[in-house]
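Here is how the chains run, residue by residue.
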Amino acid sequence: MMPEQTSNTPLLAADGTPLRQSLSRSLRRQKLRALFLIAPLLVFVMLTFVVPIGNMLFRSVQNDIVSNIMPHTVAALENWQAETEPLPDETAYKAAFFDLFAAAKAKEHTKLGARLNYEQTGISSAFRKSGRAIMKPGKELAKTFQKIDPAWGKAETFIALFDASFDANFDANFDASGKKTNTSLNQSQLARLNQLKGEQYIVPETKGIAADAARALPMTAREFSYWTLFTELEKNKSITEGKVWEALYVALADDLQNPQNAAAIASLSGPIASLVKTSAREISQQPRIDYTKIMGGVNKGWSERIIWETIKLHSSVYTGGYFLNAVDMRKTLDGPAIQPESKQILLNLFQRTVKMSLIITISCILLGYPIAWLLANLPVRTSNILMILVLLPFWTSLLVRTSAWKVMLQQQGVINEVLVWLGIVATDNRLEIINNQIGTITAMTHILLPFMILPMYSVMQTIPPSYVRAAKSLGATNWTAFWRVYFPQSIPGIGAGSILVFILAIGYYITPEIVGGTDGVFISNRIAYHISRSLNWGLAAALGAILLAVVLVLYWAYDKIVGIDNVKLG
Amino acid sequence: MKLVKSLLVASAFAVAATPVLAAEMTIVSWGGAYSKSQLKAYHEPYSAKTGVSIINDDSSAEAVAKLRAMNEAGNVTWDVVDVVAADAMRLCDEGLAMEIDHDNQLATAPDGTSASADFGNLIVSECFIPQIVYSTTFGYRTDMVGSTPPTNVCDVFDLKAYPGKRSLEKRPINNMEWALLCDGVAKADVYDVLATDAGQNRALAKLDTIKDSVIWWNAGADTPQLLADGEVVMGSTYNGRLFSAIEEQKQPIGMLWDAQVFDLDGWIIPAGLSDERKKQALDYIYFATDTQRLADQAKYISYGPARASSAPLVGKHADLGIDMAPHMPTDPNNAKNTFLYNYSFWADYRDDIDAKFQAWLAK
Amino acid sequence: MMAATTPISRKPLSFVLPIMGAVGLLVGLLIGTSNGISGMGALIGVVIFTAICVIAIRAPLNEKGVRWFITAAFFLAGWGLNNIALGLLGGFIGAFTGWFIFWLYEGRYRAKLLPYLTPAQVFWHYSFRVICGAIFIFLISPIIVVMPLSFNAQDFFTFTEKMLALDPAGYSLKHYADFLGIRDDSNGEWIRSFWNSLIIAPLATLISVSLGTLAAIGLSQSHVPAKRIIMAILISPMIVPLIISATGMFFFYATMGNFMELQLGLNKDLVGYIKVILAHAVLGIPFVIITVTATLVGFDRSLTQAAASMGAGPVTTFFKVQMPLIFPGVISGGLFAFITSFDEVVVVMFIGSASQKTLPWQMFLGLREQISPTILAVATILVALSIALLTTLELLRRRSERLRGMSPA
C-alpha cells in the first residue's frame, strides 16, 4: 500500500519544477521540434505554390479593369436608373468621352473592350472602332478654334493659360508671378493616370495649375493637367513636341459655352485672357456641345442601351460574375439569371467529370485488387517479375500510352481489326470505342491503374497470412475468410489508391482531349481553353476554384470516413 | 566538406561568368515542318548575314497565354513570335504586341511598291506582319470515295453519296460558315446570318445532320493520320499538311479545294521589349519579310507568300523538285471559291459562338 | 502456397472429353461466325476437338511426339489457308491445344496445388489466374502494340499492309536514327530533350524527397499544431488543376527569375533550369508526404525510445533506426515524384523556355505538329532500359539473398 499524499502541494518533477510546468514545457518543445522539421517544406510550398495559386485564383473575383480604365463613366453610371431610364444622361456620355479618349491615347481601350466582350458580344469591335474615331470630334473643333485665332493650335497657348509652377520657398499657394496655384488638380489627374496605366508615377509638389484659369475653364484645366502628366511621365516627351490633344478642344468649347463659367471667364486676367473671352463670344454662336451626339457619332453602339448596361453591371471592383458564369448563370440588371440553354455547358461538364472519375476509380479498384492480391501472395521472385508488367506502363510516357490507345481503339485500329478478322463483328458494324466516354474511361483506367495497384500491394504485403489460415481452421469458407478477415485489413490500401486515382482523374485533360471525342471531355479542358485561347482568366480561375473546392470537400469527407491516418501508400 | 563547398562556389562562378556571346534572339514558332521551312528560309540566312544566333522556341500554341503572363510579370523573354492573324488581333487588343509602321519598318517590293500596298488587305491589325497565306481545306481518300471524287464542299454533308466518317476541327470557325453555305445561304450573307441567334442555330442544325459521323480534331496533324488510317473518308486540315501527306508520304489522298478558308500566319513583336531588343527584332523582321525571303519559304512548304510581289518568284520544292505554284492555296485553279477568315466578325463573336458550339458538341 | 508435391493421377476420358468439347465449341463458334455458319461451325468445332483429343490420348506415339504432331498440323493448316502469319498463329494454337490435353489428362493441373482443395476451388484457382492474366494483358498490350509501330517505314501510326505481311520493306530504323540525331535532317533535339529530362527529374525528386521526408517525420510527431491544415496545404499541389498551377507559378518564377538574373547575375539558362526544377519539386511533394507519413503510422515509437535509452542522439537515431525502416516508403514516394516530373508537360511548357525543353514536351510537339513514330521509338528505348534495370535489380536481389543463405540456390 502506497502512503497517501495528504498535503496540498502540487506534484513535482524530478528536477524540482512543478509537474504541470514541466509537462507543458516539454509539450512546447515537442511542438517546436515538429514545427522545426516541417517548417522548411511548409515555407517552400507556401511561397512557391500556395501564394501564387492564391493570387491566380483571386482573379476570379477581380474586376478593377473597368473602373481603372473608365473611372468617371463608372461613377456617372451609378446615378443611372437602368430599370426605368432607357439611356443614361449627358453626364455619363461626357464622362465616357473623356475616359475613352484618355484610354485610346494610352492604348488601353481595347483591353476593356475585350474584357466586356466576354459578357456581351460586339463590345470589343465597338471599343476598337471607337478608339479610332474618338479623335474626330476634337479635330473638327480644333479647326474651328484655329479659325478664331491660330494661337489655339499651339501648346504654348495652353501652357501660358494654365501652367503655374511655383518656387518652393514662396507660399505654396502663389506661383513666381503671383498667380494663385491649384496643386490638387495635378494630384488627382496623376492618380487617374496611375490608375489607368497601373504605374506609380510621382510629380513634384511644385507643379501647379493656375487657380483662376482652373475655375474659369474646369474641364479644360483637368484635361490639360492630364495631358501634361501623360505626355511627360508616360511618353517622356514635352507637350510642345506634338499636336495639341484633340479632347482639349472639346473641353474648351464645352467650358466656354457653359453659362456657369461665364462669371469666372469674365474675371480672368493675364496674357491669354482676352483670347479666351473673344473665343467665348465666338463659340457661343456654335451649337452647344452635345456629348450624346458626339459619342453616337464616334460609334453607334453608344446610342444603344446594351453597352451601358454591360458597363454598369460589371463596374464593381470585385465581381461575382465569373463565378456565376462558371455555373452557367450570368449577371443581369435583375440579378443572377440562368444562361440560355444553348450556352449551358459547364455544370454538365462538372457532373460528367465527377461521374467519370468515379467510374474510373471503381474500375481501377475492380481491376487492381486481383493483381495486388496476386502480387502480394505469390513468392517474391515471381511477384517481382510480374511487378515489371505493372511498372512498365507506369514508366511509359502518358502521351505514348494515350497514342497507343488511339491506335488500339480506332475503328480501323487493332482491336476492331482483330475482332473483324475473328468474325465476331461485321466489318461495317465495328465497335465505337474511341472518341466517346468508353474511350476516355478505358484509357484513363489503364493510365491510373498502377497508382491503384502499388498502394494496395504495399498494404497487402503487411497482412500476415496467419489470420486467413486461422479463419479457415475455424471453419470459414474461402469466401468468408476473404471477406471478413482479409478484406477489412486491405481497406487502407484501397482508400489510398482511390483518393490518388480520383484526384488525378479529375485533373487530367490531355488524355480526354485526345481520345474522348466530344462527350468524354473533362472540365479541365474548358479551363485550359479559357487560359490559352480566350484569355478569360477570370472564368478559368473561377472554374479552377470550384474544382479545388469540390476536391477539398471530398477529401474532407474521405478523411472523416476513412481517416487520413489510415492511408498507406507504400 | 570544405572541398565540396569550394567546388560549388567555383562552379557557380564559372556558370555565372559565362562570357556574353554575340547577340542572340528567341524566335517562337509552331514546330514541325513549318518551323523547318522558316529555319531554312529565314533563320539560317539571317544568322549567316548578321552573326546573330537564333534560338527556336516551338511554343506558338501557347503563345497568347504565355505572352500575357510574361507581360504581367514584366519579363518578356521572346523577341519575335509567329502567330495566326486572329491571335495577333487578340494580342494587339490586349496591348501585348507592338504596333508596327508597315511602310517605314518593312522592306519595299523590288519594283518600289510600299510594303502596305504589297501586303494589301492582309494587314488585318496594326501589330501584325503577314507572312504566309494558308488555308483550311478538305482532303479525301481517293480509294474510298467511289468513282466520282467530291468536288464541292457540300459533299462533306452528303452522307448518302459519300458514306463514312469525316473529321472537322473542334471549333466553330469555318465549320459554321460551311454549314450555312451548304444550307442555302448565299456566300455574301453568311456572316450577317451567322450574327443572329437564328442563324447560329441553323448552322448547328446543319452540322447535326452529320454529327454522328464526325471525328473532331484539335491538332493539324490529326486529319492526315486519320486519313492514312482510313478512319475517315474526308477531313479538314491545313493545306500544307495535306501536301506533305500526298507528295512526301505518298498517301492515296486527294485535295478538295472548294470553299477553302484562307487564313494568315505572321509575326508580331511582343510589347515590353527593351529598345535594343526592339531594334534587333525589327531588323530581323525587315529581312525575313522581304519579297525574296517570303518566296523562299515556299520552297519548303506549300503555303502562299503574303506579298503580291513574291508570287511570281515561287519556284520548286527544295527536296522533291516539284513545282510549288499549283499547290499554293492562292493558285487560280485552287482558288475558284474561297473564303477569307472574317477577323472582325470572329473577334467579336468567337467567345459567344464557341460557348454555344461546345454546348452543342457536349449534348 | 507451398510447392506441394500432390500426388497426381490420370483422369478418365469422361473428364477430359467434355472440356475439350467445350473448347471446340467456342473456337468453332468464333470461326463459324466469321464465315456465316455459326451453328454448323460450332458443331464442327466440337467434333474436331474431341476427335483430336481422342486421337492424342489413344495414339501409339509418346506424348511429346503427339504434341509436336498437333502443332505441325495446325501450322500447316493455317499456312495453307492464308499466309505464314496465320500459320504461325495456327502453330501457337496447336501447341497450346496439345499441352492442354495432356495437362488435363495426366492430372498435372493438380500438381502444384494443395491436396485438399475441392474441384470448385481448383477451378477458381485457375480462373482467377486467367482473370489476372487478362488484366495483365490489358496493362501491357498498348505497350506491346506500339513497339512494332516504331519500326514503321512510313511516318504514320498505322500498321501498313507491308508490315502485317511481315515484309521487310515495311520496316525501317529511321525513327531510332531520328531520335539519336543521326539522320541528316534531324537536329538532335530529341537527345537534348532526353538529357534535359534526365537533369531535371532526378534533381526535383531529390528536393521533394529530402524536404518531404523531414516534414513527414515532423508531421508524425506526437503533438503537431494545426496538423490537418498543414497536411491539406502540403497536398494541395496534387489537387489544384495543373494548368492553373502552371499559370499561377509562372508569375512567382518570373519574378524570382528576374531577381536571380538581374540582382545575382546568374546565367539565363541556369536560372531557367532552377525554375523548372523547383516547380517540379513542388509537384512531387504530395506523393512523398502521403507515402512517408503512412509508413510512419505503423512505425514503432519504442524503437526510438530504446535508441535514446542507449545513448543515441536524435540524428543518429534518425539515420540508424528510422531511415532503414521507412526506406521503402521513401523509395515509393520518390518513385511517384520522379515519374511526376519525368512525365510532366504542362508546367514545363509554361515555366521553362526553349533550352529546358524536356522529353514529354518534345513528344507533345511531336503529336500536335508532325505525328511521327519517333515518340514510339523513344518509348521503346525507355521500355527496354526499364526492363533491363528492373531485371538487373531483381537478379542482384536474388544474388544477395543467396549469399545471405536466405533462399535455396
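In this text, all values refer to a predicted model and were calculated from it rather than measured experimentally. (Residues numbered from 1 in each chain as written. Chains lettered and ligands numbered in written order. Predicted model: local features only at pLDDT ≥ 70, side-chain atom pairs only at ≥ 80, totals over all residues. Heavy atoms only, no water.)

Draft legend 1. Representation of the overall build of chain A in the model. Across its full length, chain A holds 27 helices and 4 strands. A compact globule built from 570 residues should have a C-alpha radius of gyration of about 25 Å, whereas chain A, at 37 Å, is more than 25% larger. Residue pairs at least 24 apart in sequence account for 71% of intrachain contacts in chain A once pairs closer than 6 positions are excluded. For chain A, the accessible area works out to roughly 25,300 Å², and carbon and sulfur atoms hold 59% of it. The positive charge centre, built from 53 side chains, and the negative charge centre, built from 42, are 9 Å apart in chain A. (Helix = DSSP H or I, 4+ residues; strand = E, 2+ residues; numbered from the N terminus. Rg over C-alpha atoms; globule rule 2.2 N^0.38 Å. Contact = heavy atoms within 4.5 Å. Areas by Shrake-Rupley, 256 points an atom, 1.4 Å probe, with all protein chains shown as cover. Lys, Arg positive; Asp, Glu negative; His and termini not counted. Charge placed at Lys NZ, Arg CZ, Asp CG, Glu CD.)

Draft legend 2. View of the interface of chain C and chain A. Contact with chain C, which involves 92 residues of that partner, is made by 91 residues of chain A. At the junction of chain C and chain A, the tally comes to 0 salt bridges. The interface formed by chain C and chain A holds 4 residue pairs in polar contact (both at pLDDT 80 or more) in total. If you tally residues by element for the side of chain C that touches chain A, the top one is helix H5 (residues 119–149) of chain C, at 15 residues. Residue composition of the side of chain C that touches chain A, grouped by class: 66 nonpolar, 19 polar and 7 charged. (Salt bridge = Lys/Arg side-chain N within 4 Å of Asp/Glu carboxyl O. Polar contact = N/O pair within 3.5 Å; in protein donor to acceptor, adjacent residues only side chain to side chain. Nonpolar A, V, L, I, M, F, W, Y, C, P; charged D, E, K, R; others polar.)

Draft legend 3. Main features of the nonpolar core. Membership of the largest hydrophobic core comes to 263 residues, with the highest contact counts inside it found for Leu448(A) and Tyr284(B). With 13 residues, the top contributor of residues to this core is helix H22 (residues 437–461) of chain A. Filtering out sequence-adjacent residues up to four positions away, Tyr284(B) remains in contact with Met25(B), Ile27(B), Tyr42(B), His43(B), Tyr46(B), Ile54(B), Val80(B) and Trp267(B). In this structure, Ala104(A), Leu193(A), Tyr226(A) and Tyr291(A) belong to the second largest nonpolar core, which totals 82 residues. (Core = buried A, V, L, I, M, F, W, Y, C linked by side-chain atoms within 4.5 Å. Buried < 20%, exposed > 50% of the residue type's maximum accessible area, 1.4 Å probe, protein only.)

Draft legend 4. Representation of the environment of Arg307(B). Residue and element names in this part refer to chain B. Note that Arg-307 resides in the loop between strand E9 (304–305) and strand E10 (338–340). As a C-alpha pair, Arg-307 and Asp-222 span 85 residues in sequence and 30 Å in three-dimensional space. Leaving out residues up to four positions away in the same chain, Arg-307 has contacts with Leu-106, Ala-107, Thr-108, Ala-109, Ala-115, Asp-118, Phe-119, Thr-289, Asp-290, Thr-291 and Leu-294.

Draft legend 5. Molecular detail of empty space enclosed by the protein. Scanning all chains against the criterion turns up 7 cavities of 30 Å³ or more. Within this model, the largest cavity holds a volume of roughly 500 Å³. What lines the largest cavity is a set of 25 residues, and nearest its centre among them are Leu504(A), Tyr508(A), Leu242(C), Thr340(C) and Glu344(C). Going through the elements one at a time, helix H20 (398–409), H22, helix H24 (478–507) and helix H25 (510–515) of chain A together with helix H9 (227–239), helix H11 (268–297) and helix H13 (314–342) of chain C are the ones with two or more residues in the lining of the largest cavity. Taken together, 14 residues line the second largest cavity, and the ones lying closest to its centre are Ala86(B), Arg90(B), Trp346(B), Ala347(B) and Arg350(B). The set of elements that each furnish at least two residues to the lining of the second largest cavity consists of helix H5 (109–117) and helix H6 (123–133) of chain A together with helix H4 (85–93) and helix H14 (343–362) of chain B. It is H4(B) that provides the largest number of residues to the lining of the second largest cavity, a total of 5 residues. When grouped by side-chain class, the residues that make up the lining of the second largest cavity number 7 nonpolar, 2 polar and 5 charged. (1 Å grid on protein atoms, 1.4 Å probe; cavity = no way out; pocket = protein on both sides within 12 Å on 5 of 7 lines; lining within 4 Å. Points joined across faces, edges and corners; volume = space filled by probe spheres on them.)

Draft legend 6. Expanded view of the pairing of strand E7 (residues 234–238) of chain B. All names here are of chain B. A large share of E7 lies buried, amounting to 5 of its 5 residues. Sheet topology places strand E4 (residues 129–141) next to E7; 5 bridges connect them, and they run antiparallel. When the bridges of E7 are listed, Gly-139 appears paired with Gly-235. Bridge count between strand E5 (residues 166–169) and E7: 2 bridges; the pairing is parallel. Considered in E7, the bridge of Arg-166 is made with Met-234. (Pairing = 2+ DSSP bridges.)

Draft legend 7. Spatial organisation of unusual backbone geometry. Positive phi, normally seen in glycine, also occurs at Lys107(A), with a value near 60°. Relative to the elements of secondary structure, Lys107(A) occurs in the loop between helix H4 (90–105) and H5. In this structure Lys107(A) comes out as partly exposed when scored by relative accessible area, which is 44%. The backbone phi angle of Lys250(B) is positive, close to 55°, even though this residue is not glycine. Here Lys250(B) is to be found in the loop between helix H11 (239–248) and strand E8 (253–268). Accessibility expressed as a relative area gives 62% for Lys250(B), which makes it exposed.

Draft legend 8. Examining the confidence of the model for chain B more closely. Residues and elements named next belong to chain B. The pLDDT averaged across chain B works out to 87; a share of 94% of its residues lies at or above 70. Element-level mean pLDDT values for chain B span from 49 in helix H1 (residues 2–16) up to 95 in strand E3 (residues 80–84). Scored below 50 in pLDDT, residues 9–22 makes 7 contacts in the model with residues more than four places away or belonging to other chains. Here the predicted complex carries an ipTM of 0.84, next to a pTM of 0.86. (pLDDT = per-residue confidence, 0-100.)

Draft legend 9. Looking closely at the packing of H4(A) against helix H12 (residues 246–257) of chain A. Residues and elements named next belong to chain A. Interhelical geometry of H4 versus H12 gives an angle of 160° and a closest axis separation of 10 Å. With respect to H12, the axis of H4 lies roughly antiparallel. Handedness of the H4/H12 crossing: left-handed. Counting all contacts with H4, which are made through Lys-94, Phe-97, Phe-98, Phe-101 and Lys-105, the residues of H12 involved are Glu-246, Ala-247, Val-250, Ala-251 and Asp-254. (Axes fitted to C-alpha atoms, helices over the stretch in contact; angles between N-to-C directions. Parallel < 35°, antiparallel > 145°, perpendicular 65-115°, else oblique. Left-handed = near helix turned anticlockwise from the far one by under 90°.)

Draft legend 10. Region of the structure containing the domain arrangement of chain B. Residue and element names in this part refer to chain B. Its domain assignment divides chain B into domain 1 (21–127 + 269–327) and domain 2 (136–262). When each unit is reduced to the centre of its C-alpha atoms, the spacing between domain 1 and domain 2 is 29 Å. Facing 7 residues of domain 1, the contacting portion of domain 2 comprises 8 residues. One can count 0 salt bridges joining domain 1 with domain 2. (Domains from an automatic or database assignment.)

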